[in-house]
Structure formats: structure tokens, C-alpha cells
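Commentary on secondary and tertiary structure
If you want the building blocks of each chain, they are given just below.
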Amino acid sequence: MISSDVERFIRQMPKAELHVHLEGSVRPKTLFELAERNGIDLPAKDEADLEAFYTFRDFNHFIDVYIAVDHCIRTAGDFALITRELGEAAAQQQVRYLEVTVSPGTHVKRGDLRFEEFHEGILAGARQARERWGVEMRFVVDIVRGSGMEHSWNTTRWAASVAGDGIVGIGLGGIEVGNPPEDFVEMFDYGRAAGLRSAPHAGETVGSASIWGALRALKAERIGHGIRAVDDPELMAVLRERGITLEVCPTSNVRTGAVASLAEHPIRRLYDAGVPLTVNSDDPPMFGTTMLDEHFLLANEFGFTPGDLEAINLQAIRASFLPEADRRRLEDDFRAEYARLRTSLS
């Protein structure tokens, strides 16, 4: 176990997160309030039930549960609330910057709200988080595999139309099996032409071919998860040489069955091989984790040192989709604070 000094350092160190899903970050108490407000019957009546509800048989079951939670979020006000609460939780863990994955298309397809209302909600919540706690957020719009090409194109066109207004990237989520990256090349071309950056999920539940497809077809600048790169030395070399960052989510990968156990998780091997990576919480309440927990996990289970954790968070800033001047300023701020905190370990 880590020392009390290292624990204090981890709690106080500034952090940046690049892989957290807004709809998957809803607090249990808030989820029940939203379900009641919007007339949704959840298969859970209290937080104890919810813990059982969040016990996933496999990745497909996780998607089913995620959709059930997603149904509870219906209005611009709902999205403002959960965005603000994500910012509050981040501030409590010294997470200063987040790039948040959002899936507006599923709500629009159901007829819950319009894209414009969704945008209004997340921007309002992000503004409140910035004003109250100094937490900065940007958003990556997720194309959901298996939701239909027309629906996916509607999401892509809307995201491109608001590129730069809080929206910085285009992602690709959902079930990988049967939905290869190559099927979405025209959408990503369209989004990138509008200035959106490419950050698809790949190599989470299927092999390295998915990651190769994301790199070649979607011109990925970051890879969501990407843990199966560990099976392909050539791919790891390409990721290292090109500086393509993996957004790694250890607890998530265990909870969804993407890896059989924490002991088998490849994050240490990827890091030691020089593959750029970040650590992330993915869907924190669903997986019973936080960004702080993920940092403690890396230190306690995988032997990451405070210096390693500093490097991982600095990599998150460098891999972010912020403008270069903002990236440099944030990195300088983090470095200065790390230097100050490091004296407490001396």
C-alpha cells in the first residue's frame, strides 16, 4: 500500500480526464429524481437495488443498463443539472479539465428533445461548473454504433454545425462487434472537415484490428480504451511513434468484462512499452469508481509512482483538443503545482 504522503499527493494533485460519459456520470440520487420527474420506471427502487442493477453480465448487458439510465434524462434542464454535478464531482477530486463524451442523438431519435436544447443544457451546466468551481469542460459527440446510419448522420451533421462552441471532437461508441470503424469513415471525414477532432472507441471488446481501422479509416488522434493494442507489437510501436494516446479505463474494463480481472489488465504493459495513455473513470457511478479511485488503483495495484501519475495527467493535457496556447498554459500550471506538492514527499 502507498504511504500517507503519497496518498495526500494523489488527492491534491491536479488531474485531467479525457474519457467520461456524461449520461454515465449521473449520481444515484439524481438518477432517481430524474426518473420520478420524467415518469420513468427504473428496475431499482433505492441505491442498494441500483448496485445490483449495475452488476453487468457482459458488455452487451452494460449497454442495456446504460440505455435504461439514458431514458431518464429528457430535458435541457436535466442536462444542465448532470453536467454541473459532473463538474462539482471533478472539483472535489482536483480534476481541473474534462473532455466529456455525450450522446445527443439517442435523445433526439427518441423525440425527447432537439439538438439545440441538448446543446443549451450542456453549455449551461459547463458554464456553472466553470464559474462555481473553476472546472473546464469540452465535449466529444458520440456516434452510437448500431443506432442506424440515418440517425448517425443526423448526429454528425449537427456536431459539425456547432464545432467550436464547446464541441471539440467526434467519437464512436456502442457495441464494437459487427460495427467496424470503416463503416463510419464518411461521417468522420465530414466532422473533421468542420474542425472536429477524431476520438473513437476501439479495441475495447474486440482485437487490435479495430484500432488499426480507427487509425486508418477514421484518422483517430486518440483511441477510447484501445487496450487490445497490447496484443500487437507493431501497433504499439505505431501508437508510440505517432503519439496516439489511449484513454484507458481500468475499472470499467473489469466491470464490463473487457478484461477478466484487474491482474490481467494491460495498462502497466502499455505504459512500460511507451504507449501514450491517460487514466479515466468512463461511467463512474455505474462502475463504482472515481478519477481519484483510478489514481489510487494505479498506485496500489500497478506500482505507478507519483512521477508516473504526473506524466499521465500531463499526457492528458497534451492529448486534449484544447487550442495549443491553452494546452501550454494548463500544462505549465500543472507542472508548477506538481513541483510544489512534490516538496511534501521530500
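Residues numbered from 1 in each chain as written. Predicted model: local features only at pLDDT ≥ 70, side-chain atom pairs only at ≥ 80, totals over all residues. Heavy atoms only, no water.

So, the overall build of the chain
Let me state the cut-off plainly: The secondary structure listing takes helices from DSSP runs of H or I that are at least 4 residues long and strands from runs of E that are at least 2 residues long, numbered from the N terminus. C-alpha atoms define the radius of gyration, and 2.2 Å times the number of residues to the power 0.38 defines the globule rule. The contact criterion used throughout is that any non-hydrogen atoms of two residues lie within 4.5 Å. The accessible surface values rely on the Shrake-Rupley method and a 1.4 Å probe; as for residues, cover is taken only from the protein chains in view. In this charge count, Lys and Arg are treated as positive and Asp and Glu as negative; neither His nor the chain ends contribute. Think of each charge as sitting on NZ of Lys, CZ of Arg, CG of Asp or CD of Glu.
Within the chain, the regular secondary structure consists of 17 helices and nine strands. Over its C-alpha trace the chain gives a radius of gyration of 19 Å, about what one expects of a compact globule, namely 20 Å for 346 residues. Expressed as lengths along the three principal axes of its C-alpha atoms, the size of the chain is roughly 55 × 40 × 40 Å. Excluding contacts between residues fewer than 6 apart, the proportion of contacts in the chain whose partners are at least 24 apart in sequence is 75%. For the chain, the accessible area works out to roughly 13,700 Å², and carbon and sulfur atoms hold 48% of it. When the 38 basic and 54 acidic side-chain charges of the chain are each reduced to a single mean position, those positions are 4 Å apart.

Some points on the sheet that holds strand S7 (residues 222–225)
Put simply, the rule reads: Pairing between two strands is assigned when DSSP locates at least 2 bridges connecting them.
Pairing in this open sheet of four strands is parallel, and the strands run S6-S7-S8-S9 from one edge to the other. Looking at which strands have only one partner, the edges of the open sheet turn out to be strand S6 (201–202) and strand S9 (277–279). As paired elements, S7 and strand S8 (residues 245–248) share three bridges and run parallel to each other. Note on S8: the bridge partner recorded for Gly-224 is Glu-247.

Brief notes about the sheet that holds strand S5 (residues 197–198)
Reading across from one edge, S1-S2-S3-S4-S5 is the order of the five strands in this open sheet, with parallel pairing throughout. Of all the strands in the sheet, just strand S1 (15–21) and S5 have a single pairing partner and so form its edges. Of the strand pairs in this sheet, strand S2 (residues 95–102) and strand S3 (residues 136–144) are connected by six bridges, and their pairing is parallel. Opposite Tyr-97, over in S3, you have Glu-136 as the bridge partner.

Structural notes on the packing of helix H8 (residues 149–161) against helix H9 (residues 185–193)
So the rule is basically this: Geometry is summarised by axes, namely lines fitted to C-alpha atoms with helices restricted to the contacting stretch, and by angles between N-to-C directions that run from 0 to 180 degrees. Orientation is classified from the angle alone, with under 35 degrees giving roughly parallel, over 145 giving roughly antiparallel, 65 to 115 giving roughly perpendicular, and any other angle giving oblique. Ten residues, namely Ala, Val, Leu, Ile, Met, Phe, Trp, Tyr, Cys and Pro, are considered nonpolar, four, namely Asp, Glu, Lys and Arg, are considered charged, and the remaining ones, Gly among them, are considered polar.
Between H8 and H9, whose axes approach to 9 Å, the crossing angle comes to 10°. One way to sum up the angle between H8 and H9 is to call them roughly parallel. On H9, the residues that touch Met-149, Ser-152, Trp-153, Thr-156, Arg-157 and Ala-160 of H8 are Glu-186, Met-187, Tyr-190 and Gly-191. Residues of the contact of H8 with H9, tallied by class, amount to five nonpolar, three polar and two charged.

A short note on the layout of surface pockets
Put simply, the rule is: As defined here, a cavity is a set of points on a 1 Å grid over the protein atoms alone where a 1.4 Å probe fits but cannot get out. A pocket is an open set with protein on both sides within 12 Å along at least five of seven lines, and residues line them when an atom is within 4 Å of a point. Grid points are joined across faces, edges and corners, and a volume is the space filled by probe spheres set on the points.
Roughly 470 Å³ of internal volume is contained in the largest pocket. Every residue lining the largest pocket is counted, 26 residues in all, and those nearest its centre are Ile-63, Tyr-66, Ile-67, Val-144 and Gly-174. When residues in the lining of the largest pocket are grouped by element, the largest group, six residues, is from helix H4 (residues 59–70). Volume-wise, the second largest pocket comes out at about 310 Å³. Listed by contribution, the elements that provide at least two residues to the lining of the second largest pocket are S1, helix H5 (76–92), S2 and helix H14 (284–287).

Section: unusual backbone geometry
One non-glycine residue, Gln-94, adopts positive backbone phi at about 65°. Tracing the backbone shows Gln-94 in the loop between H5 and S2.

That is the geometry; function is a separate question.
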